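Observations on chain architecture
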Amino acid sequence: MTTQQTHDQDQRELEALRFSARAARAITTLEMQRKTITREYGERIKKIRALILILQQRESIGQLGIDGIDSVEISPELKRLIHNPVGDLT
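What this report covers is the structure whose coordinates are included nearby.

Basis of the calculations
- Residues numbered from 1 in each chain as written.
- Predicted model: local features only at pLDDT ≥ 70, side-chain atom pairs only at ≥ 80, totals over all residues.
- Heavy atoms only, no water.
- Helix = DSSP H or I, 4+ residues; strand = E, 2+ residues; numbered from the N terminus.
- Expected span 1.5 Å × (residues − 1).
- Buried < 20%, exposed > 50% of the residue type's maximum accessible area, 1.4 Å probe, protein only.
- Contact = heavy atoms within 4.5 Å.
- Patch = residues over 30% accessible without salt bridge, like charges linked within 9 Å, V, L, I, M, F, W, Y side chains within 5 Å.
- Areas by Shrake-Rupley, 256 points an atom, 1.4 Å probe, with all protein chains shown as cover.
- Salt bridge = Lys/Arg side-chain N within 4 Å of Asp/Glu carboxyl O.
- Core = buried A, V, L, I, M, F, W, Y, C linked by side-chain atoms within 4.5 Å.
- Polar contact = N/O pair within 3.5 Å; in protein donor to acceptor, adjacent residues only side chain to side chain.
- Axes fitted to C-alpha atoms, helices over the stretch in contact; angles between N-to-C directions.
- Parallel < 35°, antiparallel > 145°, perpendicular 65-115°, else oblique.
- Nonpolar A, V, L, I, M, F, W, Y, C, P; charged D, E, K, R; others polar.

1. Some thoughts on helix 1 (residues 3-60)
Under the 1.5 Å per step criterion, the end-to-end length of helix 1 is 85 Å for 58 residues, consistent within 8% with the ideal 86 Å. By the burial criterion, the buried members of helix 1 are I37, R44 and L51. In this fold, the buried residues of helix 1 make contact with helix 3 (76-83). Taken from the residues just after helix 1, G62 is the one with a positive phi, measuring 85°.

Below, the structure written as structure tokens:
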């Protein structure tokens, strides 16, 4: 094997190692993104469940029947979340 061939082989090996490292970083990025999204799903579920609980409590004391949904103050953010629970998740 000539010096040039050895150099070319070393370059190809180095390129493969760099590509492997890039692939490993891609996996790490995906895993971090998945964890972030999972946390966000959990937060959204918690907010919606809290609203359900409030509505159930109002209904159990008879207030929901009198005032309807107006008996509960629902933020614009929560309304958007209820209408589009997976919005803005990528």
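2. Side note on a nonpolar patch on the surface
A cluster of nonpolar side chains, namely Y41, I45 and V86, defines an oily patch on the protein surface of about 250 Å² accessible area. Locating I45 in the fold gives a position in helix 1. Relative accessible area serves as the criterion here: at 41%, I45 is assigned to the partly exposed category.

3. Digging into the pattern of salt bridges
Any two side chains of opposite charge can pair, on the condition that their charged atoms come close. Tallied over the full model, the rule gives three salt bridges. One salt bridge in this structure joins E40 and R44, with 2.8 Å as the shortest N-O distance. Here the residue E40 and the residue R44 both occupy positions in helix 1, the gap between them amounting to four residues, near one helical turn. Residue class for R44 comes out buried when judged on its relative accessible area of 12%. A salt bridge links K47 to E77, with the nearest nitrogen and oxygen atoms 3.0 Å apart. Taken together, the residues span a long stretch of sequence, with K47 in helix 1 and E77 in helix 3 at a distance of 30 residues.

4. A short note on the nonpolar core
One finds L51, V72, I74, L78 and L81 forming the largest nonpolar core, which totals five residues. Excluding its chain neighbours within four sequence positions, the residues that come into contact with L78 are K47 and L51.

5. Details of the side chain of R44
Here the side chain of R44 touches E40 through a polar contact of 2.8 Å, side chain to side chain. Side-chain polar atoms of R44 contact the backbone oxygen of G87, separated by 2.8 Å. Excluding its chain neighbours within four sequence positions, the residues that come into contact with R44 are L81, N84, P85, V86, G87, D88 and L89.

6. Some thoughts on the packing of helix 1 against helix 3
When two helices pack together, their arrangement is captured by the angle between the axes and the distance separating the axes. Contact pair helix 1 / helix 3: the axes reach a minimum separation of 11 Å and the direction vectors enclose 105°. Between helix 1 and helix 3, the angle is such that the two are roughly perpendicular. Residue-level inspection shows R44, K47, I48 and L51 of helix 1 in contact with helix 3, the latter providing E77, L78, L81 and I82. Considering only residue class, the contact of helix 1 with helix 3 consists of five nonpolar, no polar and three charged.

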